[in-house]
2 protein chains.
Amino acid sequence: MSLKLIEKHRSFGGEQYKYRHYSKSLQCDMTFSIYLPSNKEEKKIPLIWWLSGLTCTDDNFSQKSGFQRLAEKYQVAVIIPDTSPRGENVADDEGWDLGQGAGFYLNATQDPWAKHYNMYTYIVDELTATATTLVPHFSGEQSIMGHSMGGHGALVIGMKNAARFKAISAFSPISSPSQVLWGIKAFSTYLGEDKTSWKEWDASELVKEAGMPPILITQGTQDEFYPKQLDEITFLKNARENNQVVHYKKAEGYDHSYFFIATFLEEHFAFHMEYLK
Amino acid sequence: MSLKLIEKHRSFGGEQYKYRHYSKSLQCDMTFSIYLPSNKEEKKIPLIWWLSGLTCTDDNFSQKSGFQRLAEKYQVAVIIPDTSPRGENVADDEGWDLGQGAGFYLNATQDPWAKHYNMYTYIVDELTATATTLVPHFSGEQSIMGHSMGGHGALVIGMKNAARFKAISAFSPISSPSQVLWGIKAFSTYLGEDKTSWKEWDASELVKEAGMPPILITQGTQDEFYPKQLDEITFLKNARENNQVVHYKKAEGYDHSYFFIATFLEEHFAFHMEYLK
């Protein structure tokens, strides 16, 4: 994979990089961002994945969460993919909750989406291979977190690769996508109307399998999308019935924004670091 | 002054507000943002002003600096004005370093700018009167900080009102505007070609007066604007000759971005709190 460095900023002692590259699994040019802590002591460095929500690129988390302070504090690398394939030749939709900016971290099977919309393979295979070469002194340990659609992505990718990811966390995730409008719209478009094909991309189904990584979820009580899009009941019920470790925390008065994410990010980093050490 | 609340987000325990109002001194509608810490102990709360740089609105610092964590930690309110008058009827320029987004925190005397471009009066009189009513348990103590053009603004407003502002700090400020292209362009446009009128808006002149507030400046060594726009020599020479307390720190490898600001913001808050207690 040929990488072009397009931005570099020193931040909290480490470096924030942004790259462009051609993705074979998505068949288009993509950008991603990666933060490397200073690692002055040349220790082994683990890697956290951040998956963003609808309409985001890899810039939102870089610019608005303040995560670099925590990545430097805990000496962990953080990689941030974009949220969908991109470009004029890539299928798109007028809605902001479908098409570009809304890849839902799955592999599409329906036309015209199947050609490019393979964010799952892009992240789990292609970008993983790249990222692990970009982290000097990489420890081999990884975990995954995300927000909203990216919370869904973190839960799904983390649980489908339970041996690889030591911990999973999510801010206001779409944890039961087959039950809510965003998920139903995306799954019926990308996967088709046969709901049996939806199960492998639905966290509330995946959590039925034994031995999932420990999971932390934080949900703001004033989140404008909470009532209709972020139903947690199916997920929590299935997690409980299968004895999974799921911490589900309500944050009183918080909304769906990066103001919310920034506030609770330290708690999420601390949770991940328990399992990455 | 009639205020309309247009955004409210809980953030790090406090609240981030964004208001719209009609400004008499600018003769147009303006927005500003203000953060109020939780103040659970109902103590007296001081107020820090943040002035942003060229092209910014009141959103950049709100969304990209992570300052809310520090404002809550230190229990201080923070107010963020926009960087110029705004609107279709307000004079503008094609360049991003003049007109809307580039008010330079002064009172213009030249047409067509004089009618609206009175950011100095707006901040020092009009918005101050409003802000102090928005901070419950306001201690009466204020200080001021800013970035780039806003660093110039913080130095100028802070020194012209030395009795009011307990401390001043700036990230990569235009500290000698009469010596650099950005400042010369703005001052000749807003104030006219007679350079004697520039002196009251030039920090390197104002610092000659005795008894200025303590000043902290941080400048990144890889700042792309440092070589041509951010010459500090005139300012530091005049400060030294007049025995002002000026801490001028170089940050190795940092650029002009919010990644730089976010990194050193805690040091600036700690500096201000020394004088706001």
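In the annotation of an unreviewed UniProt entry, the entry for chain A reads S-formylglutathione hydrolase, and the organism field reads Psychrobacillus soli. Looking at chain A in UniProt, the text filed under Catalytic activity (unreviewed entry) is "S-formylglutathione + H2O = formate + glutathione + H(+)". In its Function (unreviewed entry) section, the UniProt entry covering chain A states "Serine hydrolase involved in the detoxification of formaldehyde."

Enquirer: Looking at this model, I keep getting lost on the overall build of chain A. Mind explaining?
Expert: Tallying secondary structure elements over chain A gives 9 helices and 9 strands in all. Relative to the compact-globule value of 19 Å for 277 residues, chain A shows a C-alpha radius of gyration of 17 Å, a close match. Across chain A, every contact between residues at least 6 apart in sequence was considered, and the portion connecting residues at least 24 apart equals 72%. When the accessible surface of chain A is totalled, it reaches about 10,700 Å², and 48% of it is carbon and sulfur.

Enquirer: How should the interface of chain B and chain A be read in this particular structure?
Expert: Buried accessible area, meaning the area lost when the parts come together, often serves as the stated size of an interface. Opposite the 21 residues of chain B that make contact, chain A presents 21 residues. Buried surface at the junction of chain B and chain A, summed over both partners, amounts to about 1,800 Å²; 56% is from carbon and sulfur atoms. Where chain B touches chain A, the interface holds 0 salt bridges. Our count for the chain B to chain A interface comes out at 11 residue pairs in polar contact (both at pLDDT 80 or more). If you list the elements that add at least two residues to the side of chain B that touches chain A, you get β1 (3–11), α1 (59–64), α2 (67–74) and α9 (258–276) of chain B. A breakdown of the residues in the side of chain B that touches chain A according to their chemical character gives 5 nonpolar, 10 polar and 6 charged.

Enquirer: Would you take a moment to explain the side chain of His 116 of chain B for this structure?
Expert: Position of His 116 of chain B relative to the elements: it lies in the loop between β5 (77–81) and α3 (119–134). In contact with His 116 of chain B, not counting residues within four places along its chain, are Ser 25, Leu 26, Gln 27, Pro 85, Asn 89, Val 90 and Ala 91 of chain B.

Enquirer: Help me understand the sheet that holds strand β9 (residues 246–251) of chain B, please; the structure alone is not making it clear to me.
Expert: In any sheet, the strands associate via hydrogen bonds between backbone groups, in a parallel or an antiparallel arrangement. Read across the sheet, 9 strands follow the order β1-β2-β3-β5-β4-β6-β7-β8-β9 (chain B) without closing on themselves; strand pairing throughout is mixed. The two strands at the open ends of the sheet, each matched to only one other strand, are β1 and β9 of chain B. When the angles between neighbouring strand axes are averaged without regard to direction, this sheet yields 20 degrees. Both strand β4 (residues 45–51) of chain B and strand β6 (residues 138–147) of chain B contribute to a ladder of 6 bridges, which runs parallel. Paired with Ile 48 of chain B across the bridge in β6 of chain B is Ser 143 of chain B. Docked against the sheet, helix α9 (residues 258–276) of chain A engages β1 and β2 (14–23) of chain B, running at close to 30 degrees with respect to β1 of chain B.

Enquirer: I'm lost on the packing of helix α2 (residues 67–74) of chain A against α9 of chain A in this one. Help?
Expert: The axes of two packed helices give the description: the angle between them and the distance between them. All names here are of chain A. Where α2 meets α9, the axes come as close as 10 Å, and the angle between the chain directions of the two elements is 30 degrees. When the axes of α2 and α9 are compared, the pair comes out roughly parallel. The two elements α2 and α9 cross, and the hand of that crossing is right-handed. Between α2, through Phe 67, Arg 69, Leu 70, Ala 71, Lys 73 and Tyr 74, and α9, the contact on the second element is made entirely by Leu 265, Glu 266, Phe 269, Ala 270 and Met 273. Looking at the contact of α2 with α9 residue by residue, the class counts come to 8 nonpolar, no polar and 3 charged.

What counts and what doesn't
Residues numbered from 1 in each chain as written. Chains lettered and ligands numbered in written order. Predicted model: local features only at pLDDT ≥ 70, side-chain atom pairs only at ≥ 80, totals over all residues. Heavy atoms only, no water. UniProt positions renumbered as here; feature names shortened; annotations may be inferred. Helix = DSSP H or I, 4+ residues; strand = E, 2+ residues; numbered from the N terminus. Rg over C-alpha atoms; globule rule 2.2 N^0.38 Å. Contact = heavy atoms within 4.5 Å. Areas by Shrake-Rupley, 256 points an atom, 1.4 Å probe, with all protein chains shown as cover. Buried area = accessible area lost by both parts, 1.4 Å probe. Salt bridge = Lys/Arg side-chain N within 4 Å of Asp/Glu carboxyl O. Polar contact = N/O pair within 3.5 Å; in protein donor to acceptor, adjacent residues only side chain to side chain. Nonpolar A, V, L, I, M, F, W, Y, C, P; charged D, E, K, R; others polar. Pairing = 2+ DSSP bridges. Axes fitted to C-alpha atoms, helices over the stretch in contact; angles between N-to-C directions. Parallel < 35°, antiparallel > 145°, perpendicular 65-115°, else oblique. Left-handed = near helix turned anticlockwise from the far one by under 90°.

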